[in-house]
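Residue strings, one per chain:
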Amino acid sequence: MSKTVLVINSGSSSIKYALLDPDSGESLASGIVEKIGNPVGTITHKHDGEKFVVEEPVPDHGHGLKEVLRLFEEKGPSLHEANVVAVGHRVVQGGRFFSGPALIDDSVVQTISDLIPLGPLHNPAHLKGINVARELLSEVPHVAVFDTAFFQDLPEEAARYALNREVADKYSIRRYGAHGTSHQFVSQEIAKLTGRDDLKQIVLHLGNGASVSAVVNGHAVDTSMGLTPLEGLMMGSRTGDIDPAAVFHLARVGGMDIEQIDQLFNRESGFKGLVGDNDMREVWKKCEAGDQNAIDAIDIYIHRLLKYVGAYTAVMGGLDALTFTAGIGENDSLVRQRLLDRLAYMGIVYDPKINEIIRDPHPRKISTDDSSVEVFVYPTNEELAIARQAVTFA
Ligand code: ADP
């Protein structure tokens, strides 16, 4: 009988879940509980091509998860019959403590809790999900899979900021990275696809949040997100790299406080702040209509990508494979085209027709055989990556 894993991604007001077969990769069901704590919440459960939506008050995570378990039994697939052997929990911040998945016990819960200062938006919400799931599904192992784990072993030169050592160490300020589960999954899949594990790879995870990683022989050697997911590429609503002195300036001259600056950098910048919209499809529409702010924003986005690809190629001393993944990476052929055209100097050659195929959920190579670097579009699958890691504890 095949085994399944329930994957849970618990946010502050939502719980995303998926039931997967880690061997075949098949998703048997998935769903989301939204607006927890609001007067009316929504639970959307998908199974067998059907979608069930329940609208009702969901006062807390415990209630939300109980409803999800009820939907599994009512609408299918029954968790009892599905042979659930583990529950995998996504955890954003693992600090310096976790370089791989961890079997959740009280001490792991305590460590995730101790890391709240480094992951204030995410870790408290993960803990809510972990605590109720451990109670409700107590008969199977629960496993935490950390977004930071793949970057735990970054070389010191990439992980340490040139910040006063005493202060940095006292406050645990270093580069932890994020999206690690996706970067690890995609780079491993590319190694399998090419039949080579001695690759110098760059993975471009371009979603609403966006990050780049440099991976040599399966090990991450650099990544663009740092202490928090704010650093690096320009994103949907985040600045990415910016001179930290902008903070001093906004405080001194603009009279803004830290909360306002945090909000500005994380939620009101990037495409949202430059164009007024954080969805690339809308940004492109505005470009077509001649909106100069949108045209400039795309230029800034591509410029930043170009800099990271150049920098990481230099860091690795070469590049074998470049892979696009996540919402923009997988779907936006124009972004790929704009970047790849600028990389022609490296000897990168791609097939415009294969690049232009949209809505293709399958991995594909878009470079031509004479390209100096193999270029891929590879759909990320963080749920499957979590399920595969969790099942190793079953
Ligand atoms: P996240 O997980 O960070 O929220 P996703 O990886 O789901 O983000 O990516 C979401 C983004 O992908 C959207 O904001 C949108 O900009 C972009 N996107 C999705 N589909 C397309 C498309 N067909 N063309 C261009 N961009 C797209």
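Above this text you will find the structure in question.
All of the points below concern the structure found in this document. (Residues numbered from 1 in each chain as written. Predicted model: local features only at pLDDT ≥ 70, side-chain atom pairs only at ≥ 80, totals over all residues. Heavy atoms only, no water.)

### Some remarks on the site of the ligand
Part 1: Lining the immediate environment of the ligand, one finds 13 residues, of which Asn208, Gly209, Met280, Arg281 and Gly327 sit closest.
Part 2: Asparagine 208 places a main-chain nitrogen or oxygen 3.1 Å from an oxygen atom of the ligand.
Part 3: A distance of 3.2 Å is found between an oxygen atom of the ligand and a backbone nitrogen or oxygen belonging to glycine 209.
Part 4: Starting from 580 Å² of accessible surface for the ligand in isolation, the protein chains cover 67%.
Part 5: One can see that the ligand is located within the second largest pocket.
Part 6: Of all the secondary structure elements, the ones that give two or more residues to the shell around the ligand are α10 (280–288) and α12 (326–331).
Part 7: No other element matches α12, which puts four residues into the shell around the ligand.
Part 8: Classifying every residue of the shell around the ligand gives three nonpolar, six polar and four charged. (Near = heavy atom within 4 Å. Polar contact = N/O pair within 3.5 Å; in protein donor to acceptor, adjacent residues only side chain to side chain. Areas by Shrake-Rupley, 256 points an atom, 1.4 Å probe, with all protein chains shown as cover. 1 Å grid on protein atoms, 1.4 Å probe; cavity = no way out; pocket = protein on both sides within 12 Å on 5 of 7 lines; lining within 4 Å. Sits in = over half its atoms within 2 Å of the grid points. Helix = DSSP H or I, 4+ residues; strand = E, 2+ residues; numbered from the N terminus. Nonpolar A, V, L, I, M, F, W, Y, C, P; charged D, E, K, R; others polar.)

### Concerning the layout of surface pockets
Part 1: The computed volume of the second largest pocket comes to approximately 480 Å³.
Part 2: Here the lining of the second largest pocket is composed, by residue class, of six nonpolar, eight polar and four charged. (Points joined across faces, edges and corners; volume = space filled by probe spheres on them.)

### Describing the pattern of salt bridges
Part 1: For the structure on display, the rule yields 18 salt bridges.
Part 2: Between arginine 388 and glutamate 189 there is a salt bridge whose closest N-O contact spans 3.2 Å. Here the residue arginine 388 occupies a position in helix α15 (residues 382–391), and glutamate 189 occupies one in helix α6 (residues 180–194), the gap between them amounting to 199 residues.
Part 3: Taking the relative accessible area as the measure of exposure, glutamate 189 reaches 10% and is therefore buried.
Part 4: One network of salt bridges, with partners in common, ties together Glu156, Arg160, Asp169 and Arg174. (Salt bridge = Lys/Arg side-chain N within 4 Å of Asp/Glu carboxyl O. Buried < 20%, exposed > 50% of the residue type's maximum accessible area, 1.4 Å probe, protein only.)

### Some details on the sheet that holds strand β14 (residues 374–377)
Part 1: Within the open sheet, the six strands sit side by side as β11-β10-β9-β12-β14-β13. Their pairing is mixed. Each edge of the sheet is formed by a strand with only one pairing partner; in this case those strands are β11 (219–223) and β13 (364–365).
Part 2: With seven bridges connecting them, strand β9 (residues 200–206) and strand β10 (residues 210–216) associate as antiparallel partners. Paired with glutamine 201 across the strands is valine 215, a residue of β10.
Part 3: Docked against the sheet, helix α11 (residues 292–316) engages β9, β10, β11 and β12 (321–325), running at close to 155 degrees with respect to β9.
Part 4: Seen against the sheet, helix α13 (residues 333–342) touches β9, β12, β13 and β14 and runs at an angle of roughly 155 degrees to β12. (Pairing = 2+ DSSP bridges. Contact = heavy atoms within 4.5 Å. Axes fitted to C-alpha atoms, helices over the stretch in contact; angles between N-to-C directions.)

### Observations regarding the side chain of asparagine 123
Part 1: Of note, asparagine 123 is situated in helix α3 (residues 123–136).
Part 2: Looking at asparagine 123, the relative accessible area reads 0%, which means it is buried.
Part 3: Polar contacts involving the side chain of asparagine 123 include one to the main-chain carbonyl oxygen of glutamine 93, which spans 3.1 Å.
Part 4: Other than its neighbours up to four places away in sequence, asparagine 123 contacts Val91, Val92, Gln93, Ile112, Leu115 and Ile116.

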